[in-house]
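# Summary of structural features
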Amino acid sequence: MPGGRRNAYFRATAAVATRQVTEHDSKKCYDEALQNSGAPSIRHMPLPDVPRLSVFAFESLMCLFNLLVLVTHYLNIYRTIFWLPHSHTRYVVNLYLIEPRVLVFIVVSVSRRLLWCVVRLALTSCLQHTVCKVVLPVARTACSMMPVCSQNSLQYDAGWLTTHTVFVVLTCCVWHLIYCFPTRFCDVLHRSVQHLGYWRRLSSCSSNSAPVWQSGAVYRAGAVVRYGRHVYRAEAPSNSAEPGNSAHTRLYTVFHKVYAAARHVLLLSCVVCSSYLVYLTRLYQWQQVLATSLLLAAHFGAVYILLRDYIVLRTMYQQEDMLAAQS
């Protein structure tokens, strides 16, 4: 057993050393190709320390959000008139109408990711890294809507329920986007596509006079190469992407100005909040007003994080563009 542990340690150390040597060699080859091509060196601004949601915080937030959605749905389905003087009940909902097995199944389905995350954190407390997968928001929302689907003779407002379900799904999707694409991750992708570059295909250029594209070379802006049967021109300051590769083109288009994508998501979230706020003013039943207000509060929190990330990314990348223009 001690020999096995030593061998495992040596293998892990060798793997780390090999990875470091490989990264060093790759960086050295890229620097040499950059010097030979005459392309300008790209300078990156350091990203400020922007807080992000941890796995436990995200799972707790999503679990709490879906449980609140479940409570509001039960409130809209089984509500009572407890405030009347001659009412036969003192509770807000008719508890005897709630199916206990369905309720337990929904709570377990909604909170299983949080429970598994707690178990993982407890089992890996001595480690520094914990990975916890993210489930689709539509599945959780479907579990929250199961009280309606499990009943056949209920009288409820189908129009409000449909609108509320759409906004619940949109809110979950926005929070999942915030968690899956934090500022640090977007900045890493932005730095990568700055070195990746972008090629535009030329239609009115002879392919015989252009040099053949080399996979290990870095091309400056305006360079013309031949790849296959087509001719391409480099559009970015530094270009090492494969000409005609649609995956490289899409990656560069989305993350070249990643704050533009964040702006689109922010504008969409603001439109959703504004429309649902207008919809709130048309409601008159207290349980619908309560459910809508809770959903708006959750969406406003997402809008705040999106606005913060957009301001940080836009300011930093504008300073990068100014430094590139001065150099």
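Before reading on, note that the structure itself is shown above.
Overview of the structure. (Residues numbered from 1 in each chain as written. Predicted model: local features only at pLDDT ≥ 70, side-chain atom pairs only at ≥ 80, totals over all residues. Heavy atoms only, no water.)

Moving on, we get to the overall build of the protein chain. A tally of regular secondary structure across the protein chain gives ten helices and five strands. The buried share of the protein chain, taken over its 327 residues, is 36%. As displayed, the protein chain offers around 19900 Å² of accessible surface, 63% of which is attributable to carbon and sulfur atoms. (Helix = DSSP H or I, 4+ residues; strand = E, 2+ residues; numbered from the N terminus. Buried < 20%, exposed > 50% of the residue type's maximum accessible area, 1.4 Å probe, protein only. Areas by Shrake-Rupley, 256 points an atom, 1.4 Å probe, with all protein chains shown as cover.)

So, about the sheet that holds strand β1 (residues 199–202). If you walk across this open sheet you meet the three strands as β1-β4-β3, and the pairing is antiparallel. The sheet terminates laterally at β1 and β3 (224–227), the two strands that pair on one side only. Pairs of neighbouring strands in the sheet enclose a mean axial angle of 40°, with direction left out of account. By the bridge criterion, four bridges tie β3 to strand β4 (residues 230–234) in an arrangement that is antiparallel. If you follow Val224 over to β4, its bridge partner there is Arg233. (Pairing = 2+ DSSP bridges. Axes fitted to C-alpha atoms, helices over the stretch in contact; angles between N-to-C directions.)

Let's shift gears to the nonpolar core. One finds Phe65, Trp175, Ile178 and Leu313 to be the most contacted residues of the largest nonpolar core, which totals 47 residues. Listed by contribution, the elements that provide at least two residues to this core are α2 (55–77), α6 (158–180), α7 (183–196), α8 (246–255), α9 (258–280) and α10 (286–326). Examining the composition of this core, we find that 13 residues originate from one element, α10, more than from any other. When sequence neighbours within four positions are dropped, the list of residues in contact with Phe65 reads Val168, Thr171, Cys172, Leu295 and Ala298. (Core = buried A, V, L, I, M, F, W, Y, C linked by side-chain atoms within 4.5 Å. Contact = heavy atoms within 4.5 Å.)

Here we take up the packing of aromatic side chains. On inspection of all chains with the given rule, the structure shows eight aromatic pairs. With a centroid separation of 4.1 Å and 10° between ring planes, the pair formed by Phe58 and Tyr179 is classed as stacked. In this pair, Phe58 sits in helix α2 while Tyr179 sits in helix α6, placing the two residues 121 residues apart along the sequence. Judged by its relative accessible area of 9%, Tyr179 is buried. Through a chain of ring-to-ring contacts, the aromatic side chains of Phe167, Tyr276 and Tyr279 assemble into a single cluster. (Phe/Tyr/Trp six-rings, centres within 6.5 Å; stacked < 30°, edge-to-face > 60°.)

Before going further, it helps to spend a moment on the side chain of Thr72. With respect to the helices and strands, the residue Thr72 is situated in helix α2. There is a polar contact of 2.7 Å between the side chain of Thr72 and the backbone oxygen of Val69. Ignoring any residue separated from it by four or fewer positions in sequence, one finds Thr72 in contact with His164, Ala291 and Leu294. (Polar contact = N/O pair within 3.5 Å; in protein donor to acceptor, adjacent residues only side chain to side chain.)

A separate point is the environment of Glu320. In this structure, Glu320 sits in helix α10. For the pair Glu320 and Pro46, spaced 274 residues apart in sequence, the C-alpha separation works out to 9.8 Å. When neighbours within four sequence positions are excluded, Glu320 is seen to be in contact with Arg43, His44, Met45 and His190. At 3.4 Å, the side chain of Glu320 forms a polar contact with the side chain of His190.

One way to put it is that α2 packs onto helix α3 (residues 100–123) with a least axis distance of 9 Å and a crossing angle of 170°. Of the possible angle classes, the one that applies to α2 and α3 is roughly antiparallel. Across from Val55, Phe56, Glu59, Ser60, Cys63, Asn66, Leu67, Leu70 and Tyr74 in α2, the residues of α3 making contact are Leu103, Ile106, Val107, Val110, Ser111, Arg113, Leu114, Cys117, Val118 and Leu121. (Parallel < 35°, antiparallel > 145°, perpendicular 65-115°, else oblique.)

What follows covers the pattern of salt bridges. One pass over the full model with this rule turns up five salt bridges. We note a salt bridge from Arg191 to Asp187, for which the minimum N-O separation is 3.1 Å. Remark: Asp187 and Arg191 occur in helix α7; sequence separation between them is four residues, near one turn of the helix. Under the relative-accessibility criterion, Arg191 is labelled partly exposed at 27%. Residue classification places Asp187 among the buried residues on the basis of a relative accessible area of 2%. The partner of Arg233 in a salt bridge is Glu235, and the shortest N-O contact between them spans 3.1 Å. (Salt bridge = Lys/Arg side-chain N within 4 Å of Asp/Glu carboxyl O.)

Turning to the environment of Trp213, a few remarks are in order. In this structure, Trp213 sits in the loop between β1 and β2 (219–220). Between the C-alpha atom of Trp213 and that of Gly228, which follows or precedes it by 15 residues, the distance is 9.1 Å. For Trp213, the contacting residues outside a window of four places in its chain are Trp199, Tyr219, Val225, Arg226, Tyr227, Ser240, Ala241, Glu242 and Pro243.

Moving on: the packing of α7 against α10. Interhelical geometry of α7 versus α10 gives an angle of 30° and a closest axis separation of 11 Å. As judged from the angle between their axes, α7 and α10 are roughly parallel. Considering only the axes of α7 and α10, their crossing is right-handed. Residues Thr183, Cys186, Asp187 and His190 of α7 pack against Asp309, Leu313, Met316, Tyr317 and Glu320 of α10. Residues of the contact of α7 with α10, tallied by class, amount to four nonpolar, two polar and three charged. (Left-handed = near helix turned anticlockwise from the far one by under 90°. Nonpolar A, V, L, I, M, F, W, Y, C, P; charged D, E, K, R; others polar.)

In this sheet, β4 lies alongside β1 in antiparallel orientation, the contact comprising four bridges. For Arg201, the partnering residue across the bridge sits in β4 and is Tyr232.

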